[in-house]
Amino acid sequence: MVELEERVLSQLDEDYTVDLLKRLIRIPSIFPPQGKDAMREIASLIKSEMERHDLSVLEAGDEGDTWVRPNVVGTLPGEVGTPVLLLDAHTDVVPVYDRGKWTHDPFGAEIVDGKVYGRGAADTKGSLAAMMAAVFAVARSGLKLKGTVRLVAWAGDEWHPPESPYFNGMTYLARNGLVKGDMAIFGEPYDLKITYTSRGRVWVKFLVGGEATHSATGKGINAIRKAAALIEDIYSVPLGVHPVMGKDSINVGTIRGGNQPNMVPDWCEFHFDIRFAPPLSVEEVYERVAAKVRRRQEQDPEFILKSMKITERREPLEFPPDSDLCQALKRAGKAIGVDLQLGGAVSFGDVADWKDQVGIKAACLFGPGETKQAHAVDEHIRIADLLTAAKVYALTIAYLCGGQG
């Protein structure tokens, strides 16, 4: 390793990184909240650690009658007018659900066979602990930064309060001008892959009509059978294949119809989830679906479409895979002997809606932990992956924001 890498990594405290993750896990920051102040404890811990390591700290968030979503932003300043790198991860976790299925205490942070167990270990307290340890290591290294590093611990990924106008805590910060950045690493358990792109999605709900009568008559128009024909039509909608994410997907997730077995059903409702990669858009996919509906109506004069509406929409997102950010991450991996691969994400959430307001031009999701561990029983993360992520974060900061000592 050259001097820069040695200087930064020598300040990365591995024991502290693991201990910090354990402390984060032991705080049951469950959403929906188990009391209005349920998220304050973890925000307080993060804030105190940031202040202890000489970061300037901002705490801000939204709240309702029964909930509070505190977000903590710590800044390691660089020169004015230089790039700003955001590292962010969410602090909330999903409930434990069936405690009887767990063989480890969900909030015990037990270490077994080189793995830390607990709710949130992978999603995303592992990313958060690694990011915090990395930023603190850079701060201790004495490196005079040219670029600014901003560490964001936000709440609300796992639950959206019905009365809040903000999708999550990061949205709140972005929409209110409380965070700015040119580049961003979003901590999520993506198997240490640099996930620079994600599919879009559109959910379409249909209501197909029919003509009710007694089933014994052999007459009427069966809405369920008409719906079944349209469902097959929609499965043949042409989509695409992405070089990283593979084939786009179509899924009918719910269906219900009719009133009782001895009646010909005069209604059937079903709901599709369609996922698609760039360059397709929501409108293009919806029009392809609508074309199948029109074709069905032309072929079958008894087909009755009562309604067709979009209930969820999210455009696909793709950041440049050859950006300085992605190249710095790959360089950081190479420096510690890890070949980091590019990948695709399940979702970037609502990042596309506010990235321009924040100023983000390059971004990716990157973090330790297996994707399948998110929300899983006996959720866990390998300590080796946690430490790899911390080293990659630290070196990426040094490459993108570092200056002279």
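What you are looking at is a predicted structure, and each value in this text was computed from that prediction instead of being measured.

A. Just helix α8 (residues 324–335), in detail. Taking 1.5 Å per residue, twelve residues should reach 16 Å; α8 reaches 16 Å between its end C-alpha atoms and fits that length. Taken together, the buried positions of α8 are Leu 325, Cys 326, Ala 328, Leu 329, Ala 332 and Gly 333. For α8, the buried positions fall inside an angular range of 160 degrees around the axis, keeping them on one side. Exposed positions of α8 whose direction lies more than 90 degrees from the buried face are Asp 324 and Lys 334. Buried positions along α8 lie against β3 (84–90), β7 (183–186), β8 (194–198), β17 (362–365) and α10 (383–401). Residue Gly 337 follows α8 closely and has a positive phi angle near 85 degrees.

B. Representation of the pattern of salt bridges. Enumeration over the complete set of coordinates arrives at 20 salt bridges. Here Glu 63 and Lys 36 are joined by a salt bridge, their closest N and O atoms 3.1 Å apart. One end of the pair, Glu 63, is in strand β1 (residues 56–63); the other, Lys 36, is in the loop between α2 (14–25) and α3 (40–52), and 27 residues separate them in sequence. The partly exposed category is assigned to Glu 63, whose relative accessible area is 48%. Note that Arg 294 is salt-bridged to Glu 287, the shortest N-O span being 2.5 Å. With relative accessibility at 39%, the residue Arg 294 sits in the partly exposed group. For Glu 287, a relative accessible area of 38% translates into the label partly exposed. A single salt-bridge network, built from bridges that share partners, covers Arg 23, Glu 49 and Arg 52.

Rules used throughout
Residues numbered from 1 in each chain as written. Predicted model: local features only at pLDDT ≥ 70, side-chain atom pairs only at ≥ 80, totals over all residues. Heavy atoms only, no water. Helix = DSSP H or I, 4+ residues; strand = E, 2+ residues; numbered from the N terminus. Expected span 1.5 Å × (residues − 1). Buried < 20%, exposed > 50% of the residue type's maximum accessible area, 1.4 Å probe, protein only. Arc of directions from axis to C-beta. Contact = heavy atoms within 4.5 Å. Salt bridge = Lys/Arg side-chain N within 4 Å of Asp/Glu carboxyl O.

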